[in-house]
Amino acid sequence: MKNLLPAGILLLVLSSCSFTPDSEKLISVDEMKRVTSVLSSDEFMGRKPFTLGENLTIAFLAQELQQIGFEPPFEGSYFQAVPMTETTSKVEGPVTIAVRGEKLSFNAPDEVAVSSPDPQENISISNSKMVFAGFGIDSPDDKWDDFKGMDLKGKTLVVLINDPGLYSSDTTLFRGKEMTIFGRWTYKFEEAARKGADAILIIHESLGAGYEFNVPRNSSISARLFIDDKGATKRCKATGWLSEASADKIFSKLGYNVKELRMAATKRDFQPFEMDAAFSVNIKNKITQNTSTNVAGIMRGTKRPDEAIVITAHWDHFGIGEIQNGDSVYNGAVDNGTTMAWAFEIGRAFSKAGKRPERSIILLFPTAEEQGLNGSEYYTEHPIVPMEKTIACLNNDMMVPRGKMNDITMIGFGYSSLDSLYEIVAKKQGRYLLPDPNSHTGLFFRSDHFPFFKKGVPSLWAFGCFDSREHGKEWAVESWDNFIKNVYHTPADNYDPNWDWSGIAEDTRMAFDVAWMLSKSNKKRPRLY
Ligand SMILES: [Zn+2]
């Protein structure tokens, strides 16, 4: 006994250091089915913020969090109120652009998709001088400045979508063909406001935008949500897009060709210029204030409870809307029911693991993701654990149950050393990491991990998507494209009891294993590249 004791203690110490739960035994597909079928039932009315559907959804999420042993983190509550402003803009009459003194009229929203993010009822812009400034990017890190000291106060900025890397053959510009944050319309709108411009118009182009003109067209006439920050965020009076044809019409009258301008703007020494054109528009805004809700639960870590790994899956969808094929409920079973089930299953695995994590685990279900990441943006400003102590954010979105996949599509590959943890788990599962093949569309900037990344938290969205184990690559790509084209954001996004969950189960184990590694108190926070 005397001799055995130290060895026994040593064994205990060793095993507690290297203890890794067998995630295969911890994941229940039946639970994932149950959670998804409830959240995407007609009773939940498409889970739209500010509706009865929201009340039902957040109550269900809170109850589930309690059941898996996650504590309420917001002063005894699972709910975080997110104050928002809802704005619906209507352009009065045509948009006019006087080019060399000649007034051209454009129909809104079909030719110029413009709206106002400014929370005022009447917006009027009259003969605001237009300036063309390439891609509208000011990035000292990239040694890139499209403005070159040009005064933009009270003016209308006209810029190109995406960034120079997409159109240049120089792969060292920005991230080559992959979109950077500077390619996103959100960045361009913010930069225009920072430079004091009254308005900004982006020239649409399908490849660079990643979608057709109908997307900004439709959103310009729909209700848009903004976080109500009492005017802290500077916004332009008007923001919008010119269709390619409208831009051609304006620039050709000035003696320019838009395609040639775009190529010229991929050069560092490109000079912005006054266009000898002036923009006028009148907009009426309908503004309402309302509060929606983020839902979260926490499992406190045993060694470093003040540090956390955050798992995110937005709860909101589009509610009840336009009837398509006899259905008006936008149930959002895949967007984002299956993903909420994924998040709960990671949480359940932590509660069944037999040992508590050393760092805290937070399950966060943000609101208003579909409206522009409002809930997650608000959370990162008002977090449970400060952003510097948030070790990582593992997000998911639109997990389509289609069986096991060989790939792990990494939306956010190359942004942090989180990649190497996924590499470890990929090997274990016999899979490979696939950088997002559609990275020019900037999906990395379009879901809830991104506000975390902006605050310096290593973050990504990772799931099997493009290489089916059973049916191969072509089938997987086709079935994904079919989902995006025919199901995504339509009433056809319904729960199907016959879905094959084996792939999502594998993705859940992967995220759990990564989160488990990150929860080790001796594991350094991944670094950003
Ligand atoms: Zn989504």
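Would you mind going over the packing of helix 4 (residues 52-67) against helix 11 (residues 333-352) with me for this structure?
Taken N-terminus to C-terminus, the directions of helix 4 and helix 11 make an angle of 20 degrees; their axes are 10 Å apart at the nearest point. The angle between the axes of helix 4 and helix 11 places the two elements in the roughly parallel class. Crossing handedness for the pair helix 4 and helix 11: right-handed. Counted together, Leu 61, Glu 64 and Leu 65 of helix 4 and Met 340, Phe 344 and Arg 348 of helix 11 form the full contact between these two elements. Tallied by class, residues from the contact of helix 4 with helix 11 come to four nonpolar, no polar and two charged.

Looking at this structure, how should I read the coordination of the zinc ion?
Within the protein, His 314 (NE2), Asp 335 (OD) and Asp 397 (OD) serve as the donor atoms for the zinc ion, at 2.0 to 2.2 Å. Every donor residue of the zinc ion comes from the same chain, spaced as H-x20-D-x61-D. Note that His 314 is positioned in the loop between strand 13 (304-312) and strand 14 (319-324) and Asp 335 in helix 11, a separation of 21 residues in sequence. In terms of burial, His 314 and Asp 335 fall into one category: buried.

What should I look at first to understand the domain arrangement of the protein in this one?
As a measure of interface size, the accessible area lost when the parts come together is often cited. What the domain assignment reports for the protein is domain 1 (21-71 + 300-519) and domain 2 (86-285). The distance between the C-alpha centroids of domain 1 and domain 2 comes to 33 Å. The partner domain 2 presents 19 residues to the 16 residues of domain 1 that form the contact. Looking only at domain 1, the three residues that lose the most surface to domain 2 are Gln 371, His 440 and Phe 445, adding up to 37% of its buried area. The tally of links from domain 1 across to domain 2 stands at zero salt bridges. Summed over the shared surface of domain 1 and domain 2, the number is four residue pairs in polar contact (both at pLDDT 80 or more). With three residues, helix 12 (residues 374-381) is the single largest residue contributor to the side of domain 1 that touches domain 2.

Help me understand the packing of aromatic side chains, please; the structure alone is not making it clear to me.
The relation between two aromatic rings is expressed through the spacing of the ring centres and the mutual angle of the planes. Taken as a whole and judged by the stated rule, the model has 30 aromatic pairs. Seen in terms of ring centroids, Phe 450 and Phe 453 are 6.2 Å apart; in terms of plane orientation they differ by 25 degrees. Their pairing is stacked. Of this pair, Phe 450 and Phe 453 are both found in helix 14 (residues 449-454), three residues apart, which corresponds to roughly one turn of the helix. The same class applies to Phe 450 as to Phe 453, namely buried. Residues Trp 461 and Phe 463 carry aromatic rings whose centres are separated by 5.7 Å and whose planes lie at 55 degrees to one another, so their mutual orientation is tilted. Across the pair, exposure class does not vary: Trp 461 and Phe 463 are buried alike. Sitting above the plane of the Tyr 415 ring, Arg 175 keeps its charged end 4.0 Å from the centroid. Between the NZ or CZ atom of Arg 262 and the centre of the ring of Tyr 167, over which it lies, the distance is 5.4 Å.

Before we go on, may I ask you to explain the pattern of salt bridges in this structure?
Side-chain pairing between opposite charges can occur once the charged atoms of the two side chains come close. In this structure the tally under the stated criterion is 25 salt bridges. Note that Arg 217 and Asp 110 form a salt bridge whose closest N and O atoms lie 2.7 Å from each other. With Arg 217 in helix 8 (residues 214-221) and Asp 110 in the loop between strand 3 (102-106) and strand 4 (112-115), the pair connects residues that are 107 residues apart, well separated along the chain. The residue Arg 348 makes a salt bridge to Glu 345 at a minimum N-O spacing of 3.0 Å. Taken as a pair, Arg 348 and Glu 345 lie in helix 11 at a separation of three residues, close to a single helical turn. For the pair Arg 348 and Glu 345, a shared accessibility class is recorded, and that class is buried. Within the structure, one salt-bridge network assembled from shared partners comprises Glu 31, Arg 34, Glu 64, Glu 345 and Arg 348.

Even after reading the chapter, I still don't get the nonpolar core, so can you show me in this structure?
Looking at soluble globular proteins, one finds that nonpolar side chains tend to be buried together. Ranked by internal contacts, the top residues of the largest apolar core, which has 77 residues, are Ile 311, Phe 365 and Tyr 422. Counting residues per element, this core draws most heavily on helix 11, which supplies 10 residues. Apart from the residues lying within four places of it in its own chain, the contact partners of Tyr 422 are Leu 394, Ile 408, Met 410, Leu 433, Leu 460, Ala 462, Met 510 and Val 514.

I would appreciate a short explanation of the pairing of strand 11 (residues 238-242) in the present structure.
Put simply, side chains in a regular strand alternate between the two faces of the sheet. With five of five residues buried, strand 11 lies mostly within the body of the structure. Across the two faces of strand 11 the burial is the same, with Ala 238, Gly 240 and Leu 242 and Thr 239 and Trp 241 all buried. Relative to strand 11, strand 4 is paired through four bridges, and the arrangement is antiparallel. Residue pairing in the sheet places Ala 113 in a bridge with Trp 241 of strand 11.

What am I meant to see in the packing of helix 13 (residues 418-429) against helix 16 (residues 502-519) here?
Any two packed helices are characterised by how steeply their axes cross, that is the angle between the axes, and by the distance between the axes. One can describe the packing of helix 13 onto helix 16 by two numbers: an axis separation of 10 Å at closest approach and a directional angle of 130 degrees. Between helix 13 and helix 16, the angle is such that the two are oblique. Remark: the crossing between helix 13 and helix 16 carries right-handed chirality. Here Leu 418, Leu 421, Tyr 422, Ile 424, Val 425, Lys 428 and Gln 429 of helix 13 lie close against helix 16, whose contacting residues are Glu 506, Arg 509, Met 510, Asp 513, Val 514, Met 517 and Leu 518. A class-by-class count of the residues in the contact of helix 13 with helix 16 yields nine nonpolar, one polar and four charged.

For this particular structure, what's the right way to read the pairing of strand 20 (residues 459-463)?
Within strand 20, five of the five residues are buried, which leaves the element mostly enclosed by the surrounding structure. Every second residue of strand 20 is oriented toward a common face, with Ser 459, Trp 461 and Phe 463 on one face and Leu 460 and Ala 462 on the other, all of them buried. Bridge count between strand 17 (residues 390-395) and strand 20: three bridges; the pairing is parallel. From the neighbouring strand, Leu 394 faces strand 20, where its bridge partner is Leu 460. The pairing of strand 18 (residues 407-411) with strand 20 spans three bridges and is antiparallel.

Criteria and thresholds
- Residues numbered from 1 in each chain as written.
- Predicted model: local features only at pLDDT ≥ 70, side-chain atom pairs only at ≥ 80, totals over all residues.
- Heavy atoms only, no water.
- Axes fitted to C-alpha atoms, helices over the stretch in contact; angles between N-to-C directions.
- Helix = DSSP H or I, 4+ residues; strand = E, 2+ residues; numbered from the N terminus.
- Parallel < 35°, antiparallel > 145°, perpendicular 65-115°, else oblique.
- Left-handed = near helix turned anticlockwise from the far one by under 90°.
- Contact = heavy atoms within 4.5 Å.
- Nonpolar A, V, L, I, M, F, W, Y, C, P; charged D, E, K, R; others polar.
- Donors = N, O, S within 2.8 Å, 3.2 Å for Na, K, Ca; no water.
- Buried < 20%, exposed > 50% of the residue type's maximum accessible area, 1.4 Å probe, protein only.
- Domains from an automatic or database assignment.
- Buried area = accessible area lost by both parts, 1.4 Å probe.
- Salt bridge = Lys/Arg side-chain N within 4 Å of Asp/Glu carboxyl O.
- Polar contact = N/O pair within 3.5 Å; in protein donor to acceptor, adjacent residues only side chain to side chain.
- Phe/Tyr/Trp six-rings, centres within 6.5 Å; stacked < 30°, edge-to-face > 60°.
- Lys NZ or Arg CZ within 6 Å of the ring centre and 35° of its normal.
- Core = buried A, V, L, I, M, F, W, Y, C linked by side-chain atoms within 4.5 Å.
- Pairing = 2+ DSSP bridges.

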